[in-house]
Amino acid sequence: MIEIDIRLARAGGFALECGFAVPGSGVTALFGRSGAGKTTVIQAVAGVVRPDAGRIAVKGEVFFDSARGIDVPIEARRTGYVFQDARLFPHLSVESNLRYGERRSRAVERPVRFEAVVELLGIGPLLTRRPHTLSGGERQRVAIGRALLAQPRLLLMDEPLAALDEARKAEILPYLERLRDETRLPILYVSHSIDEVLRLADTLVALREGRQVAAGPVAQVMSQPAMLPVLGRFDLGTLLECVVSRHDPAYALSSLAFAGGELRVPQVARAVGEKVRARVRARDVAIARTRPEDVSVSNLLPAVVEEVRLREGPYADIMLRVGEARLASMVTRESVERLALSPGLVVWAMIKSVAVDSRNPEFTEPPQRHGA
Amino acid sequence: MLTPEEWTAVALSLKVAFWATFWSLPLAVLTAWVLARASFPGKGLLDGLVYLPLVLPKVVVGYLLLLTLGARGFIGQYLDAWFGIKLIFTTAGATVAAAVVSFPLTVNAIRLALEAVDRGLETAARTLGASRLDVFFSVTLPLMLPGILSGALLAIASALGEFGATITFVSNVEGQTRTIPLAIYSATHVPDGDAMALRLTLVSVVLALGSLLLAGLVDRRIRRMIGRA
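Residues numbered from 1 in each chain as written. Chains lettered and ligands numbered in written order. Predicted model: local features only at pLDDT ≥ 70, side-chain atom pairs only at ≥ 80, totals over all residues. Heavy atoms only, no water.

Labelled according to an unreviewed UniProt entry, chain B appears under the name Molybdenum transport system permease, originating from Ancylobacter dichloromethanicus. Per UniProt, chain B has the following entry under Sequence similarities (unreviewed entry): "Belongs to the binding-protein-dependent transport system permease family. CysTW subfamily." (UniProt positions renumbered as here; feature names shortened; annotations may be inferred.)

Per an unreviewed UniProt entry, chain A goes by the name Molybdenum import ATP-binding protein ModC and belongs to Ancylobacter dichloromethanicus. Checking UniProt for chain A, the heading Sequence similarities (unreviewed entry) contains the comment "Belongs to the ABC transporter superfamily."

This is the structure we're talking about:
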(Lines give C-alpha, C1' and ligand atoms only; values in the text may rest on other atoms or scores of the structure.)
Protein backbone atom coordinates (compact mmCIF):
# COMPACT_ATOMS: atom_id res chain seq x y z
CA MET A 1 0.00 0.00 0.00
CA ILE A 2 1.07 3.52 -0.73
CA GLU A 3 -0.87 5.93 1.42
CA ILE A 4 -0.71 9.63 0.75
CA ASP A 5 -2.74 12.27 2.49
CA ILE A 6 -1.16 15.70 2.29
CA ARG A 7 -1.96 19.36 2.34
CA LEU A 8 0.32 22.21 1.48
CA ALA A 9 0.00 25.86 0.56
CA ARG A 10 2.52 27.93 -1.34
CA ALA A 11 3.08 31.63 -1.49
CA GLY A 12 1.46 32.76 -4.72
CA GLY A 13 -1.79 30.95 -4.08
CA PHE A 14 -0.98 27.39 -5.10
CA ALA A 15 -2.48 24.89 -2.72
CA LEU A 16 -2.37 21.13 -2.90
CA GLU A 17 -4.72 18.79 -1.17
CA CYS A 18 -4.85 15.14 -2.00
CA GLY A 19 -5.37 11.84 -0.30
CA PHE A 20 -5.32 8.39 -1.81
CA ALA A 21 -4.23 4.87 -1.10
CA VAL A 22 -3.05 2.76 -3.98
CA PRO A 23 -1.78 -0.82 -4.21
CA GLY A 24 1.84 -1.48 -3.30
CA SER A 25 2.53 -2.87 -6.76
CA GLY A 26 1.93 -1.89 -10.34
CA VAL A 27 1.94 1.53 -11.92
CA THR A 28 -0.06 4.37 -10.43
CA ALA A 29 -0.35 7.35 -12.74
CA LEU A 30 -0.65 10.85 -11.34
CA PHE A 31 -2.43 12.54 -14.16
CA GLY A 32 -3.36 16.14 -14.80
CA ARG A 33 -2.38 19.25 -16.70
CA SER A 34 0.78 21.16 -15.88
CA GLY A 35 0.38 23.08 -12.66
CA ALA A 36 -2.06 20.51 -11.28
CA GLY A 37 0.36 19.54 -8.52
CA LYS A 38 1.38 16.10 -9.79
CA THR A 39 5.10 16.68 -9.37
CA THR A 40 4.60 18.22 -5.94
CA VAL A 41 2.98 14.97 -4.79
CA ILE A 42 5.95 12.80 -5.73
CA GLN A 43 8.38 15.42 -4.43
CA ALA A 44 6.58 15.09 -1.11
CA VAL A 45 6.93 11.32 -1.27
CA ALA A 46 10.66 11.68 -1.99
CA GLY A 47 11.04 14.21 0.83
CA VAL A 48 12.18 17.01 -1.48
CA VAL A 49 9.08 19.01 -0.61
CA ARG A 50 7.67 19.10 2.87
CA PRO A 51 3.86 19.19 3.20
CA ASP A 52 2.28 21.51 5.75
CA ALA A 53 0.35 18.64 7.19
CA GLY A 54 -0.57 15.05 6.50
CA ARG A 55 0.88 11.60 6.29
CA ILE A 56 2.85 9.61 3.74
CA ALA A 57 3.48 5.89 4.16
CA VAL A 58 4.88 3.36 1.75
CA LYS A 59 4.39 -0.34 2.46
CA GLY A 60 3.90 0.34 6.15
CA GLU A 61 6.99 2.56 6.37
CA VAL A 62 5.99 6.05 7.52
CA PHE A 63 7.93 8.73 5.61
CA PHE A 64 6.06 11.71 6.93
CA ASP A 65 3.50 12.25 9.64
CA SER A 66 2.92 15.80 10.80
CA ALA A 67 0.82 14.63 13.75
CA ARG A 68 3.62 12.44 15.09
CA GLY A 69 6.42 14.77 14.02
CA ILE A 70 7.95 12.26 11.60
CA ASP A 71 9.88 13.55 8.60
CA VAL A 72 12.36 10.98 7.31
CA PRO A 73 15.29 12.62 5.45
CA ILE A 74 15.41 12.21 1.66
CA GLU A 75 18.35 9.82 1.67
CA ALA A 76 16.75 7.47 4.19
CA ARG A 77 13.49 7.11 2.27
CA ARG A 78 14.99 5.11 -0.57
CA THR A 79 12.69 6.31 -3.29
CA GLY A 80 14.04 5.85 -6.79
CA TYR A 81 13.36 9.23 -8.35
CA VAL A 82 13.57 9.52 -12.13
CA PHE A 83 13.57 13.18 -13.08
CA GLN A 84 12.18 14.62 -16.27
CA ASP A 85 15.63 15.95 -17.14
CA ALA A 86 17.49 12.74 -16.13
CA ARG A 87 19.99 14.65 -13.91
CA LEU A 88 22.91 12.37 -14.58
CA PHE A 89 26.11 13.46 -12.85
CA PRO A 90 28.16 15.13 -15.59
CA HIS A 91 31.51 14.38 -13.92
CA LEU A 92 30.91 10.63 -13.77
CA SER A 93 30.80 7.94 -16.44
CA VAL A 94 27.55 6.12 -17.13
CA GLU A 95 28.75 3.18 -15.05
CA SER A 96 29.70 5.41 -12.09
CA ASN A 97 26.32 7.10 -12.37
CA LEU A 98 24.62 3.71 -12.22
CA ARG A 99 26.76 2.66 -9.26
CA TYR A 100 26.26 5.91 -7.32
CA GLY A 101 23.08 4.81 -5.61
CA GLU A 102 24.02 1.14 -5.56
CA ARG A 103 27.12 1.91 -3.51
CA ARG A 104 25.07 3.86 -1.00
CA SER A 105 22.21 1.41 -0.72
CA ARG A 106 21.69 -0.70 2.33
CA ALA A 107 21.52 -4.47 2.20
CA VAL A 108 18.11 -5.53 0.95
CA GLU A 109 16.58 -8.96 0.73
CA ARG A 110 16.56 -9.38 -3.04
CA PRO A 111 18.85 -6.72 -4.43
CA VAL A 112 18.42 -5.45 -7.96
CA ARG A 113 21.58 -6.63 -9.72
CA PHE A 114 23.74 -4.37 -11.85
CA GLU A 115 23.89 -6.84 -14.75
CA ALA A 116 20.14 -7.36 -14.67
CA VAL A 117 19.47 -3.62 -14.87
CA VAL A 118 21.97 -3.11 -17.68
CA GLU A 119 20.31 -5.94 -19.59
CA LEU A 120 16.75 -4.76 -18.84
CA LEU A 121 17.43 -1.26 -20.11
CA GLY A 122 19.82 -2.19 -22.90
CA ILE A 123 22.56 0.18 -21.70
CA GLY A 124 25.52 -2.21 -21.84
CA PRO A 125 27.21 -0.39 -24.74
CA LEU A 126 26.97 2.96 -22.93
CA LEU A 127 28.79 2.10 -19.69
CA THR A 128 32.07 3.85 -20.44
CA ARG A 129 30.46 6.92 -22.01
CA ARG A 130 30.00 10.34 -20.40
CA PRO A 131 26.44 11.63 -19.89
CA HIS A 132 26.88 14.60 -22.27
CA THR A 133 27.60 12.22 -25.15
CA LEU A 134 24.28 10.37 -24.73
CA SER A 135 21.02 11.02 -26.56
CA GLY A 136 17.98 12.12 -24.56
CA GLY A 137 16.51 8.64 -24.65
CA GLU A 138 19.74 6.99 -23.57
CA ARG A 139 20.11 9.46 -20.74
CA GLN A 140 16.64 8.66 -19.47
CA ARG A 141 17.33 4.93 -19.59
CA VAL A 142 20.52 5.41 -17.56
CA ALA A 143 18.61 7.57 -15.08
CA ILE A 144 16.03 4.81 -14.65
CA GLY A 145 18.80 2.26 -14.13
CA ARG A 146 20.51 4.49 -11.58
CA ALA A 147 17.27 4.82 -9.61
CA LEU A 148 16.63 1.07 -9.76
CA LEU A 149 20.12 0.19 -8.49
CA ALA A 150 19.68 2.37 -5.41
CA GLN A 151 17.45 -0.52 -4.28
CA PRO A 152 14.40 1.69 -3.84
CA ARG A 153 11.15 0.86 -2.06
CA LEU A 154 9.27 2.40 -4.95
CA LEU A 155 10.00 4.28 -8.15
CA LEU A 156 8.93 7.87 -8.65
CA MET A 157 8.90 8.92 -12.27
CA ASP A 158 8.35 12.56 -13.09
CA GLU A 159 7.28 12.77 -16.73
CA PRO A 160 10.28 10.72 -17.83
CA LEU A 161 9.21 11.03 -21.46
CA ALA A 162 8.09 14.65 -21.56
CA ALA A 163 11.43 16.05 -22.70
CA LEU A 164 11.72 13.54 -25.55
CA ASP A 165 10.46 13.61 -29.11
CA GLU A 166 8.03 10.97 -30.39
CA ALA A 167 10.73 8.66 -31.71
CA ARG A 168 12.60 8.71 -28.39
CA LYS A 169 9.35 8.14 -26.48
CA ALA A 170 8.64 5.10 -28.59
CA GLU A 171 12.18 3.94 -27.80
CA ILE A 172 11.69 4.19 -24.03
CA LEU A 173 8.09 3.02 -23.60
CA PRO A 174 8.86 -0.68 -24.15
CA TYR A 175 11.53 -0.45 -21.44
CA LEU A 176 9.03 1.07 -19.04
CA GLU A 177 6.66 -1.76 -19.82
CA ARG A 178 9.36 -4.32 -19.13
CA LEU A 179 10.14 -2.51 -15.93
CA ARG A 180 6.50 -2.73 -14.87
CA ASP A 181 6.19 -6.37 -15.83
CA GLU A 182 9.56 -7.68 -14.64
CA THR A 183 10.15 -5.87 -11.37
CA ARG A 184 7.72 -5.94 -8.52
CA LEU A 185 8.40 -2.32 -7.62
CA PRO A 186 5.44 -0.03 -7.22
CA ILE A 187 5.76 2.96 -9.54
CA LEU A 188 4.25 6.42 -9.12
CA TYR A 189 4.24 7.84 -12.61
CA VAL A 190 3.57 11.52 -13.25
CA SER A 191 2.23 12.33 -16.69
CA HIS A 192 0.04 14.70 -18.59
CA SER A 193 -0.21 12.36 -21.55
CA ILE A 194 -3.30 10.19 -21.51
CA ASP A 195 -1.70 7.81 -24.01
CA GLU A 196 1.19 7.08 -21.65
CA VAL A 197 -1.18 6.63 -18.75
CA LEU A 198 -3.38 4.20 -20.63
CA ARG A 199 -0.46 2.22 -21.87
CA LEU A 200 1.34 1.91 -18.55
CA ALA A 201 -0.92 2.49 -15.59
CA ASP A 202 -3.05 0.16 -13.52
CA THR A 203 -4.27 2.82 -11.14
CA LEU A 204 -5.05 6.44 -11.90
CA VAL A 205 -5.07 9.47 -9.65
CA ALA A 206 -6.31 12.58 -11.42
CA LEU A 207 -5.41 16.04 -10.15
CA ARG A 208 -6.69 19.42 -11.18
CA GLU A 209 -5.46 22.72 -9.76
CA GLY A 210 -4.09 21.01 -6.66
CA ARG A 211 -7.23 19.02 -5.99
CA GLN A 212 -7.75 15.34 -6.38
CA VAL A 213 -10.51 14.74 -8.92
CA ALA A 214 -10.62 10.97 -9.04
CA ALA A 215 -8.64 7.93 -7.95
CA GLY A 216 -9.03 4.25 -8.69
CA PRO A 217 -8.44 1.56 -11.30
CA VAL A 218 -7.75 3.17 -14.68
CA ALA A 219 -10.76 1.68 -16.48
CA GLN A 220 -13.08 2.80 -13.73
CA VAL A 221 -11.73 6.34 -13.45
CA MET A 222 -11.51 7.03 -17.16
CA SER A 223 -15.25 7.12 -17.81
CA GLN A 224 -16.18 9.17 -14.76
CA PRO A 225 -17.74 12.50 -15.69
CA ALA A 226 -15.54 14.04 -12.97
CA MET A 227 -12.64 13.43 -15.36
CA LEU A 228 -14.07 15.80 -17.93
CA PRO A 229 -12.23 18.92 -16.78
CA VAL A 230 -8.99 16.93 -16.53
CA LEU A 231 -9.15 15.16 -19.86
CA GLY A 232 -10.91 17.83 -21.82
CA ARG A 233 -14.16 17.05 -23.58
CA PHE A 234 -12.59 15.32 -26.54
CA ASP A 235 -10.50 12.88 -24.56
CA LEU A 236 -13.10 11.54 -22.18
CA GLY A 237 -13.72 7.93 -22.96
CA THR A 238 -14.01 4.39 -21.85
CA LEU A 239 -11.29 1.86 -21.30
CA LEU A 240 -12.32 -1.70 -22.04
CA GLU A 241 -10.31 -4.65 -20.75
CA CYS A 242 -10.42 -7.14 -23.62
CA VAL A 243 -9.15 -10.55 -24.59
CA VAL A 244 -8.10 -11.33 -28.15
CA SER A 245 -10.73 -13.84 -29.25
CA ARG A 246 -9.75 -14.57 -32.85
CA HIS A 247 -7.88 -13.29 -35.85
CA ASP A 248 -9.32 -12.96 -39.34
CA PRO A 249 -6.30 -12.91 -41.65
CA ALA A 250 -8.41 -12.68 -44.80
CA TYR A 251 -9.49 -9.16 -43.81
CA ALA A 252 -6.54 -8.46 -41.49
CA LEU A 253 -8.90 -7.95 -38.60
CA SER A 254 -8.97 -9.19 -35.02
CA SER A 255 -11.86 -9.68 -32.63
CA LEU A 256 -11.59 -8.56 -29.03
CA ALA A 257 -14.00 -9.94 -26.48
CA PHE A 258 -15.05 -7.69 -23.61
CA ALA A 259 -17.76 -7.70 -20.98
CA GLY A 260 -20.23 -6.14 -23.41
CA GLY A 261 -19.63 -8.27 -26.48
CA GLU A 262 -17.04 -8.17 -29.21
CA LEU A 263 -15.08 -5.46 -31.01
CA ARG A 264 -13.65 -5.78 -34.51
CA VAL A 265 -10.33 -4.00 -34.89
CA PRO A 266 -7.45 -4.11 -37.36
CA GLN A 267 -5.29 -7.11 -36.63
CA VAL A 268 -3.34 -6.79 -33.38
CA ALA A 269 0.09 -8.37 -32.98
CA ARG A 270 -1.09 -10.54 -30.09
CA ALA A 271 -1.97 -14.17 -29.67
CA VAL A 272 -5.53 -15.33 -29.12
CA GLY A 273 -6.27 -15.34 -25.39
CA GLU A 274 -3.96 -12.45 -24.55
CA LYS A 275 -5.22 -9.37 -22.75
CA VAL A 276 -5.31 -5.97 -24.41
CA ARG A 277 -6.79 -2.64 -23.51
CA ALA A 278 -9.13 -0.93 -25.94
CA ARG A 279 -9.91 2.71 -25.53
CA VAL A 280 -13.05 4.20 -26.97
CA ARG A 281 -13.34 7.94 -26.84
CA ALA A 282 -16.78 9.33 -26.05
CA ARG A 283 -16.79 11.43 -29.20
CA ASP A 284 -16.23 8.28 -31.28
CA VAL A 285 -19.42 6.66 -30.03
CA ALA A 286 -22.54 7.58 -32.00
CA ILE A 287 -26.06 6.57 -31.04
CA ALA A 288 -28.97 5.27 -33.19
CA ARG A 289 -32.52 4.48 -32.07
CA THR A 290 -32.93 1.67 -34.56
CA ARG A 291 -30.33 -0.70 -35.90
CA PRO A 292 -28.71 1.11 -38.80
CA GLU A 293 -28.33 -1.17 -41.80
CA ASP A 294 -26.29 0.49 -44.50
CA VAL A 295 -23.36 1.85 -42.50
CA SER A 296 -19.66 1.19 -42.75
CA VAL A 297 -19.19 1.16 -39.00
CA SER A 298 -18.41 -2.42 -38.06
CA ASN A 299 -18.77 -2.10 -34.32
CA LEU A 300 -22.46 -1.91 -33.69
CA LEU A 301 -23.60 -2.90 -30.23
CA PRO A 302 -27.01 -2.99 -28.55
CA ALA A 303 -27.01 -0.70 -25.50
CA VAL A 304 -29.20 0.82 -22.84
CA VAL A 305 -29.04 4.51 -21.93
CA GLU A 306 -28.08 4.74 -18.29
CA GLU A 307 -27.57 8.44 -17.78
CA VAL A 308 -27.96 11.63 -19.79
CA ARG A 309 -26.05 14.67 -18.66
CA LEU A 310 -26.62 17.92 -20.48
CA ARG A 311 -23.67 20.29 -20.50
CA GLU A 312 -23.38 23.95 -21.20
CA GLY A 313 -22.68 24.50 -24.86
CA PRO A 314 -23.58 22.11 -27.64
CA TYR A 315 -22.75 18.75 -26.08
CA ALA A 316 -24.23 16.17 -23.76
CA ASP A 317 -22.58 13.19 -22.08
CA ILE A 318 -24.41 9.90 -22.36
CA MET A 319 -23.51 6.85 -20.31
CA LEU A 320 -24.49 3.60 -22.01
CA ARG A 321 -24.56 0.09 -20.66
CA VAL A 322 -23.40 -2.53 -23.14
CA GLY A 323 -23.86 -5.96 -21.62
CA GLU A 324 -21.79 -5.84 -18.43
CA ALA A 325 -19.68 -2.92 -19.61
CA ARG A 326 -20.29 0.81 -19.61
CA LEU A 327 -19.52 3.04 -22.53
CA ALA A 328 -19.38 6.82 -22.55
CA SER A 329 -20.74 8.68 -25.54
CA MET A 330 -20.81 12.32 -26.49
CA VAL A 331 -23.51 13.70 -28.73
CA THR A 332 -25.00 17.15 -29.26
CA ARG A 333 -27.84 18.34 -27.06
CA GLU A 334 -29.84 18.69 -30.21
CA SER A 335 -29.44 14.95 -30.90
CA VAL A 336 -30.51 14.15 -27.36
CA GLU A 337 -33.74 16.00 -28.04
CA ARG A 338 -34.24 14.63 -31.54
CA LEU A 339 -33.72 11.03 -30.44
CA ALA A 340 -35.49 11.62 -27.12
CA LEU A 341 -32.63 9.98 -25.27
CA SER A 342 -33.51 9.19 -21.68
CA PRO A 343 -32.45 6.56 -19.12
CA GLY A 344 -33.78 3.10 -19.91
CA LEU A 345 -34.02 3.65 -23.66
CA VAL A 346 -32.70 0.79 -25.80
CA VAL A 347 -30.37 2.07 -28.52
CA TRP A 348 -27.51 1.04 -30.78
CA ALA A 349 -24.00 2.24 -30.06
CA MET A 350 -21.89 2.81 -33.14
CA ILE A 351 -18.21 2.83 -32.35
CA LYS A 352 -16.28 4.71 -35.00
CA SER A 353 -12.77 4.16 -33.70
CA VAL A 354 -10.99 1.98 -31.16
CA ALA A 355 -7.47 2.56 -29.87
CA VAL A 356 -5.77 -0.62 -28.81
CA ASP A 357 -2.99 -0.17 -26.27
CA SER A 358 -0.45 -2.90 -26.20
CA ARG A 359 0.41 -4.29 -22.79
CA ASN A 360 2.98 -6.63 -24.25
CA PRO A 361 6.61 -5.99 -23.26
CA GLU A 362 7.94 -7.33 -26.56
CA PHE A 363 5.69 -5.09 -28.59
CA THR A 364 7.86 -2.20 -29.60
CA GLU A 365 5.61 0.05 -31.63
CA PRO A 366 3.84 3.01 -30.07
CA PRO A 367 0.13 2.58 -29.40
CA GLN A 368 -1.87 2.74 -32.58
CA ARG A 369 -5.23 4.23 -33.33
CA HIS A 370 -7.29 1.83 -35.37
CA GLY A 371 -10.24 2.95 -37.39
CA ALA A 372 -12.86 0.23 -36.99
CA MET B 1 71.41 35.00 -14.99
CA LEU B 2 69.99 35.96 -11.61
CA THR B 3 72.12 36.83 -8.61
CA PRO B 4 71.80 34.70 -5.44
CA GLU B 5 69.96 37.59 -3.83
CA GLU B 6 67.45 37.64 -6.68
CA TRP B 7 67.01 33.86 -6.56
CA THR B 8 66.24 34.18 -2.85
CA ALA B 9 63.49 36.69 -3.62
CA VAL B 10 62.01 34.52 -6.40
CA ALA B 11 62.06 31.36 -4.26
CA LEU B 12 60.58 33.24 -1.31
CA SER B 13 57.82 34.66 -3.49
CA LEU B 14 56.85 31.22 -4.79
CA LYS B 15 56.97 29.77 -1.30
CA VAL B 16 54.81 32.53 0.19
CA ALA B 17 52.31 32.38 -2.69
CA PHE B 18 52.02 28.60 -2.47
CA TRP B 19 51.50 28.41 1.27
CA ALA B 20 49.18 31.41 1.38
CA THR B 21 46.95 29.72 -1.21
CA PHE B 22 47.27 26.30 0.37
CA TRP B 23 46.08 27.46 3.78
CA SER B 24 43.39 29.86 2.62
CA LEU B 25 41.75 27.54 0.07
CA PRO B 26 39.71 25.32 2.45
CA LEU B 27 38.57 28.39 4.36
CA ALA B 28 37.70 30.09 1.08
CA VAL B 29 35.56 27.09 0.01
CA LEU B 30 33.79 27.16 3.37
CA THR B 31 33.23 30.92 3.20
CA ALA B 32 31.98 30.70 -0.38
CA TRP B 33 29.56 27.96 0.64
CA VAL B 34 28.24 29.97 3.56
CA LEU B 35 27.82 33.09 1.42
CA ALA B 36 26.16 31.21 -1.45
CA ARG B 37 23.95 28.79 0.45
CA ALA B 38 23.37 29.71 4.07
CA SER B 39 21.07 32.42 5.28
CA PHE B 40 21.44 33.93 8.73
CA PRO B 41 21.24 37.36 10.34
CA GLY B 42 24.44 39.34 9.78
CA LYS B 43 25.23 37.62 6.48
CA GLY B 44 25.52 41.01 4.80
CA LEU B 45 28.16 42.02 7.31
CA LEU B 46 30.18 38.85 6.70
CA ASP B 47 29.87 39.45 2.98
CA GLY B 48 31.29 42.95 3.46
CA LEU B 49 34.10 41.78 5.74
CA VAL B 50 35.22 39.12 3.25
CA TYR B 51 35.48 41.62 0.42
CA LEU B 52 36.97 44.43 2.54
CA PRO B 53 40.64 43.65 1.80
CA LEU B 54 39.84 44.06 -1.88
CA VAL B 55 38.76 47.67 -1.57
CA LEU B 56 40.88 48.89 1.36
CA PRO B 57 44.32 50.37 0.60
CA LYS B 58 46.74 47.47 1.07
CA VAL B 59 48.76 49.56 3.49
CA VAL B 60 45.67 49.80 5.69
CA VAL B 61 45.25 46.03 5.52
CA GLY B 62 48.87 45.62 6.57
CA TYR B 63 48.49 48.07 9.41
CA LEU B 64 45.33 46.30 10.64
CA LEU B 65 47.26 43.03 10.58
CA LEU B 66 49.99 44.68 12.61
CA LEU B 67 47.42 45.86 15.15
CA THR B 68 45.83 42.44 15.50
CA LEU B 69 48.61 39.94 14.83
CA GLY B 70 51.67 42.02 15.68
CA ALA B 71 53.87 41.33 18.70
CA ARG B 72 51.65 43.47 20.92
CA GLY B 73 48.45 42.93 18.89
CA PHE B 74 45.47 41.56 20.78
CA ILE B 75 45.78 38.20 19.03
CA GLY B 76 49.48 38.36 18.20
CA GLN B 77 50.67 38.53 21.80
CA TYR B 78 48.92 35.24 22.63
CA LEU B 79 50.15 33.58 19.46
CA ASP B 80 53.65 34.33 20.70
CA ALA B 81 53.05 33.56 24.39
CA TRP B 82 51.09 30.32 23.92
CA PHE B 83 52.37 28.83 20.66
CA GLY B 84 55.64 30.67 20.13
CA ILE B 85 54.43 31.89 16.77
CA LYS B 86 56.06 35.15 15.69
CA LEU B 87 54.69 36.77 12.55
CA ILE B 88 56.55 40.08 12.49
CA PHE B 89 59.58 40.05 10.15
CA THR B 90 58.95 36.37 9.30
CA THR B 91 57.98 34.42 6.18
CA ALA B 92 54.94 33.15 8.10
CA GLY B 93 53.81 36.76 8.50
CA ALA B 94 54.34 37.46 4.80
CA THR B 95 52.25 34.38 4.03
CA VAL B 96 49.43 35.66 6.25
CA ALA B 97 49.51 39.04 4.52
CA ALA B 98 49.39 37.45 1.08
CA ALA B 99 46.57 35.10 2.13
CA VAL B 100 44.42 37.92 3.54
CA VAL B 101 44.83 40.10 0.48
CA SER B 102 44.07 37.31 -2.02
CA PHE B 103 41.20 35.83 0.02
CA PRO B 104 38.34 37.89 -1.51
CA LEU B 105 39.44 36.96 -5.05
CA THR B 106 39.54 33.28 -4.17
CA VAL B 107 36.19 33.35 -2.41
CA ASN B 108 34.60 35.15 -5.33
CA ALA B 109 35.82 32.67 -7.94
CA ILE B 110 34.70 29.71 -5.83
CA ARG B 111 31.38 31.30 -5.03
CA LEU B 112 30.60 31.84 -8.71
CA ALA B 113 31.45 28.20 -9.39
CA LEU B 114 29.24 27.06 -6.54
CA GLU B 115 26.31 29.14 -7.70
CA ALA B 116 26.65 27.53 -11.13
CA VAL B 117 26.26 24.02 -9.71
CA ASP B 118 22.84 22.60 -10.62
CA ARG B 119 21.12 22.00 -7.31
CA GLY B 120 18.88 19.49 -9.02
CA LEU B 121 21.91 17.20 -9.20
CA GLU B 122 22.35 17.49 -5.44
CA THR B 123 18.71 16.59 -4.90
CA ALA B 124 19.13 13.63 -7.24
CA ALA B 125 22.15 12.47 -5.23
CA ARG B 126 20.17 12.60 -2.01
CA THR B 127 17.33 10.53 -3.44
CA LEU B 128 20.03 7.98 -4.28
CA GLY B 129 20.93 7.67 -0.63
CA ALA B 130 23.71 10.23 -0.13
CA SER B 131 23.73 12.40 3.00
CA ARG B 132 24.26 16.17 2.72
CA LEU B 133 27.98 15.86 3.48
CA ASP B 134 28.34 12.95 1.07
CA VAL B 135 26.59 15.00 -1.64
CA PHE B 136 28.98 17.88 -1.05
CA PHE B 137 32.07 15.75 -1.54
CA SER B 138 30.76 13.47 -4.29
CA VAL B 139 28.79 15.96 -6.41
CA THR B 140 29.12 19.62 -5.42
CA LEU B 141 32.87 19.75 -4.91
CA PRO B 142 33.82 17.95 -8.14
CA LEU B 143 31.50 20.23 -10.09
CA MET B 144 33.07 23.28 -8.43
CA LEU B 145 36.55 22.11 -9.29
CA PRO B 146 37.12 24.48 -12.23
CA GLY B 147 36.15 27.41 -9.99
CA ILE B 148 38.32 26.24 -7.13
CA LEU B 149 41.34 25.87 -9.41
CA SER B 150 40.87 29.19 -11.09
CA GLY B 151 40.40 30.69 -7.62
CA ALA B 152 43.63 29.07 -6.50
CA LEU B 153 45.57 30.35 -9.51
CA LEU B 154 44.15 33.84 -8.96
CA ALA B 155 45.25 33.62 -5.35
CA ILE B 156 48.77 32.59 -6.35
CA ALA B 157 49.00 35.38 -8.90
CA SER B 158 47.76 37.99 -6.48
CA ALA B 159 50.02 36.68 -3.67
CA LEU B 160 53.00 36.92 -6.02
CA GLY B 161 52.20 40.58 -6.56
CA GLU B 162 51.41 41.48 -2.95
CA PHE B 163 53.33 44.55 -1.76
CA GLY B 164 51.55 47.08 0.46
CA ALA B 165 50.22 44.81 3.18
CA THR B 166 53.45 42.83 3.34
CA ILE B 167 55.80 45.76 3.71
CA THR B 168 53.55 47.40 6.31
CA PHE B 169 52.98 44.25 8.35
CA VAL B 170 56.26 42.35 8.20
CA SER B 171 58.64 44.92 6.73
CA ASN B 172 61.32 44.24 4.13
CA VAL B 173 63.72 41.62 5.45
CA GLU B 174 65.92 39.82 2.94
CA GLY B 175 65.34 36.06 2.95
CA GLN B 176 62.36 36.42 5.25
CA THR B 177 59.85 38.83 3.79
CA ARG B 178 61.57 40.33 0.76
CA THR B 179 59.45 38.88 -2.08
CA ILE B 180 59.90 39.92 -5.72
CA PRO B 181 57.90 43.18 -5.50
CA LEU B 182 59.72 44.21 -2.32
CA ALA B 183 63.06 43.32 -3.88
CA ILE B 184 62.23 45.47 -6.93
CA TYR B 185 61.26 48.30 -4.62
CA SER B 186 64.55 47.99 -2.75
CA ALA B 187 66.54 47.78 -5.97
CA THR B 188 65.11 51.06 -7.21
CA HIS B 189 66.41 52.72 -4.04
CA VAL B 190 70.06 51.80 -4.44
CA PRO B 191 72.50 53.05 -7.02
CA ASP B 192 73.03 50.55 -9.86
CA GLY B 193 69.85 48.71 -8.88
CA ASP B 194 68.24 49.19 -12.26
CA ALA B 195 69.51 45.94 -13.77
CA MET B 196 68.24 43.95 -10.80
CA ALA B 197 64.84 45.63 -10.93
CA LEU B 198 64.61 44.90 -14.63
CA ARG B 199 65.50 41.22 -14.24
CA LEU B 200 62.98 40.73 -11.44
CA THR B 201 60.35 42.56 -13.47
CA LEU B 202 60.98 40.08 -16.28
CA VAL B 203 60.59 37.20 -13.83
CA SER B 204 57.30 38.71 -12.62
CA VAL B 205 55.96 38.93 -16.15
CA VAL B 206 56.96 35.32 -16.90
CA LEU B 207 55.36 34.04 -13.68
CA ALA B 208 52.13 35.96 -14.25
CA LEU B 209 51.87 34.90 -17.88
CA GLY B 210 52.69 31.31 -16.94
CA SER B 211 49.98 31.12 -14.32
CA LEU B 212 47.41 32.58 -16.71
CA LEU B 213 48.28 30.02 -19.39
CA LEU B 214 48.21 27.25 -16.82
CA ALA B 215 44.81 28.41 -15.58
CA GLY B 216 43.37 28.26 -19.09
CA LEU B 217 44.85 24.82 -19.71
CA VAL B 218 43.60 23.36 -16.44
CA ASP B 219 40.18 24.89 -16.92
CA ARG B 220 39.76 23.32 -20.36
CA ARG B 221 40.95 19.96 -19.06
CA ILE B 222 38.54 19.93 -16.16
CA ARG B 223 35.59 21.11 -18.18
CA ARG B 224 36.16 18.26 -20.57
CA MET B 225 36.44 15.89 -17.63
CA ILE B 226 33.15 16.92 -16.06
CA GLY B 227 31.37 17.06 -19.36
CA ARG B 228 30.82 20.77 -19.75
CA ALA B 229 32.91 21.11 -22.87
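### Considering the UniProt feature "domain: ABC transmembrane type-1" (unreviewed entry) in chain B
Look at the UniProt record and you will see "domain: ABC transmembrane type-1" (unreviewed entry) annotated at residues 10–213 of chain B. Split by type, residues 10–213 of chain B is 78% helix and 0% strand. Its first and last C-alpha atoms lie 19 Å apart. (Helix = DSSP H or I, 4+ residues; strand = E, 2+ residues; numbered from the N terminus.)

### Overview of the interface of chain A and chain B
Counting residues at the interface gives 20 residues for chain A, matched by 22 residues for chain B. The junction of chain A with chain B conceals about 1,800 Å² of combined surface from both sides, 64% of it contributed by carbon and sulfur atoms. Its largest share of buried area at the contact with chain B, chain A owes to A:Glu75, A:His91 and A:Arg104, together 32% of the area lost on that side. At the boundary of chain A and chain B, one finds 2 salt bridges. Across the pair A:Glu75 and B:Arg126 runs a salt bridge, and its minimum N-O distance is 2.5 Å. (Contact = heavy atoms within 4.5 Å. Buried area = accessible area lost by both parts, 1.4 Å probe. Salt bridge = Lys/Arg side-chain N within 4 Å of Asp/Glu carboxyl O.)

### Structural notes on the pattern of salt bridges
In total, this model carries 38 salt bridges over all chains according to the counting rule given. For B:Arg111, the salt bridge identified is with B:Glu115, shortest N-O distance 3.5 Å. Of this pair, B:Arg111 and B:Glu115 both sit in helix H5 (residues 91–115), 4 residues apart, which is roughly one turn of the helix. Through salt bridges that share partners, A:Glu3, A:Arg55, A:Asp65 and A:Arg68 make up one connected network.

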